[in-house]
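Structural description and commentary
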Amino acid sequence: MDISSLPELSKAAQSRSILSLFSGNNNNRVENYSTSTAGLYLDFSKQNITNQELSQLFELAKTSKLAEKIKAQFSGDIINNTEKRAVLHSVLRAPTDIKHKILGAQADEVIATEQHMAEIVDDISSGKLRAASGEKFTDVIAIGIGGSYYGIKVALSALTSFHTTGLKAHVIANVDGAAVEEKLAKLNVATTLVVVISKTFTTQETLLNALAVKNWMLSQSTESDVIEKQWFAVSTNIAKATEFGVLEKNILPMWDWVGGRFSLWSAVGLPLALVIGNENFNKLKQGAYEMDQHFQNTPFEQNMPVLMALLGIWNRNALQYSSLAILPYDHSLRALPGYLQQTDMESNGKSVSNAGEKLTWRTAPTVFGQEGTNGQHAFMQLMHQSDDIIPTDFIVCLKGSSSLPEHHQVLVANCFAQSEALMRGKTFFEVESEMLALGVSREEIARLAAHKTMKGNTPSNTLLLEVMTPENLGALLALYEHKIFVQGVIWQLNSFDQWGVELGKQLGNSVLKVMNGGKNCVLSASSLSLIKRFQGLK
Ligand code: F6P
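Residues numbered from 1 in each chain as written. Predicted model: local features only at pLDDT ≥ 70, side-chain atom pairs only at ≥ 80, totals over all residues. Heavy atoms only, no water.

**Let's talk about the site of the ligand**
Spelled out, the test is: Put simply, a residue is near a molecule or strand once any heavy atom of it comes within 4 Å of that molecule or strand. Here a polar contact is taken to be a pair of N or O atoms separated by no more than 3.5 Å, where protein atoms must pair a possible hydrogen donor with a possible acceptor and residues adjacent in sequence count only if both atoms sit in side chains. Only Asp, Glu, Lys and Arg are considered charged in this grouping, and only Ala, Val, Leu, Ile, Met, Phe, Trp, Tyr, Cys and Pro are considered nonpolar; every other residue, Gly among them, is considered polar.
Neighbouring the ligand are 14 residues, the closest being Ser148, Ser198, Thr200, Thr203 and Glu346. One of the side-chain nitrogen or oxygen atoms of Ser198 is found 2.7 Å away from an oxygen atom of the ligand. A distance of 2.6 Å separates an oxygen atom of the ligand from a polar atom in the side chain of Glu346. The class makeup of the residues in the shell around the ligand is two nonpolar, nine polar and three charged.

**Observations concerning the side chain of Asn80**
Condition: Strands are runs of DSSP state E lasting at least 2 residues, helices are runs of H or I lasting at least 4, and numbering of each runs from the N terminus. Residues are treated as being in contact if the distance between any of their heavy atoms lies within 4.5 Å.
In this fold, Asn80 is placed in the loop between α5 (66-75) and α6 (96-103). Side-chain polar atoms of Asn80 contact the backbone oxygen of Phe496, separated by 3.2 Å. Contact partners of Asn80, with chain neighbours within four places excluded, come to Arg85, Val87, Asn494, Phe496 and Asp497.

**Digging into the sheet that holds strand β3 (residues 139-143)**
Condition: Paired strands, as defined in this entry, are two strands with at least two bridges between them according to DSSP. In this analysis, axes come from line fits to C-alpha atoms, helices being fitted only over the stretch in contact, and the angle between any two N-to-C directions falls in the range 0 to 180 degrees.
Taken together, the five strands give an open sheet; going across it, the order is β4-β3-β5-β6-β7, and neighbouring strands pair in parallel fashion. What marks the edges here is a single partner per strand, and that holds for β4 (168-172) and β7 (251-253). Each strand axis lies, on average, 20 degrees off the axis of its neighbour in the sheet, ignoring direction. Pairing between β3 and strand β5 (residues 192-197): five bridges, direction parallel.

**A look at the packing of aromatic side chains**
Quick reminder of the rule: Aromatic contacts are taken between Phe, Tyr and Trp rings whose centres are within 6.5 Å, Trp giving its six-membered ring; a plane angle under 30 degrees counts as stacked, one over 60 as edge-to-face, and the others as tilted. Buried, partly exposed and exposed residues are distinguished by accessible area as a fraction of the type maximum, computed with a 1.4 Å probe on protein chains only: under 20%, between the cut-offs, and over 50%, respectively. Placement of a positive charge over a ring is assigned whenever Lys NZ or Arg CZ falls within 6 Å of the ring centre and within 35 degrees of the normal to the ring plane.
In this structure the tally under the stated criterion is eleven aromatic pairs. With a centroid separation of 5.1 Å and 85 degrees between ring planes, the pair formed by Phe368 and Phe379 is classed as edge-to-face. Here Phe368 is found in strand β9 (residues 366-368), whereas its partner Phe379 is found in the loop between β9 and α16 (380-385), with eleven residues between them in sequence. Look at Phe379 and you get buried, because its relative accessible area is 16%. One cation-aromatic arrangement involves Arg29 over Phe22; the distance from NZ or CZ to the ring centre is 5.6 Å. Above the plane of the ring of Phe244 lies Lys214, whose end atom (NZ or CZ) is 4.6 Å from the centre.

This is the structure in structure tokens:
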């Protein structure tokens, strides 16, 4: 059993209506196609799959040695084979005894860093640690990109109700100066803390942004020790961070076994912890740890990350759908689609196996999405009426975070309605009958009915969170981390490197070289002409 046999196994599904799976002896389908853990409930009954097909996927998981691979990850084996690294971001949210068991001697450094981070949060919150001006900090700028940005961003947005310390957070990621100046314009240098986050401390955008903020601070502040007093850094590259001018005692280490896109649980989370406090940051980690335990100890048939992963494989490799829509019906999760674009597509957007052989199957889907109900006024037309079927993950909280219950009810109603509409669609016959019942004339029906039909048969998951809390957010993020890991195992690829971003970086330097008068060695006539236009030369 391997992935290439999946299209054959999905012949029945390809000509089947999902709705039909709810009739006959399937009337307890919802009960059998749902599972819950760590504050989350997953309804996958609207997926186009039967017990028999699902059992084939569990077979595929077994032949992929998934159980062994899960153990290998959590034991610290070198599973990121191309970079020769372990993958142990999960240990950062595990209890101390597990840290010692897995990390050995390095556990002390990890625990000390956690303690140092907590002290910084407490001392800044209490006013013990103040700006060079002697004033309490009011704002923190987090400078970073990719995994040194998205996790902080998604958690800051999701946990707005838990911003308890009074500090306000601002994130700077894009190298566009407009993004930087927009943030700095709002800030008072005398009370602003900066956390520059870069695992490598070589990322061009982050270094340029950090320099701009440093220059802003030096030019605006009257204090000679403003950088020493108001800057922290998080990196594996202590030397580079020190060279930049951050005091060594203000540099929090990361480790190579924490991938950038999985690093929120490390000191990368400092800007978040500064805003939500240590207790809530620990609850975030606790929620993720609960999902880790579920993932490691639950039979695949009830294992939420495994189920989501296998359903994604079914949609991608059996039914051959090429996209995945992430639709959080929750304003606080508006940054989740962007976060999952990196976590999913940077992990599994590959075409060679662990061993470097060309894969003969497709891998990560194109992930997109935005908060609901906005998507209904953007791309849902395509999802309902184009010929492309786009599997969807709907995510919604049963209890809203606002004081407007009617708004929340409408939001949730739209979420449930969209998954139903995507599954059900509307046939020509149904449109005709509906229009007839409304007394529409035959010629109008003949003119419009075809335009009103919907293909339906779009599979979806609906994830319910009781309410948005640090624990539930932690569990949700860990759920997707593990889902993506499982898919990487089944696709037989390395989910933890990202060599594909290197070429763009190299050519970025080539373009800059030409822009600065250097000789062109590699760029096409198109790029050269674009550079000339940029430089105002025709
Ligand atoms: O996107 C490429 C990447 O290397 C990501 O994996 C990483 O999260 C991001 O760039 C930033 O890297 P760093 O944390 O080293 O600045």
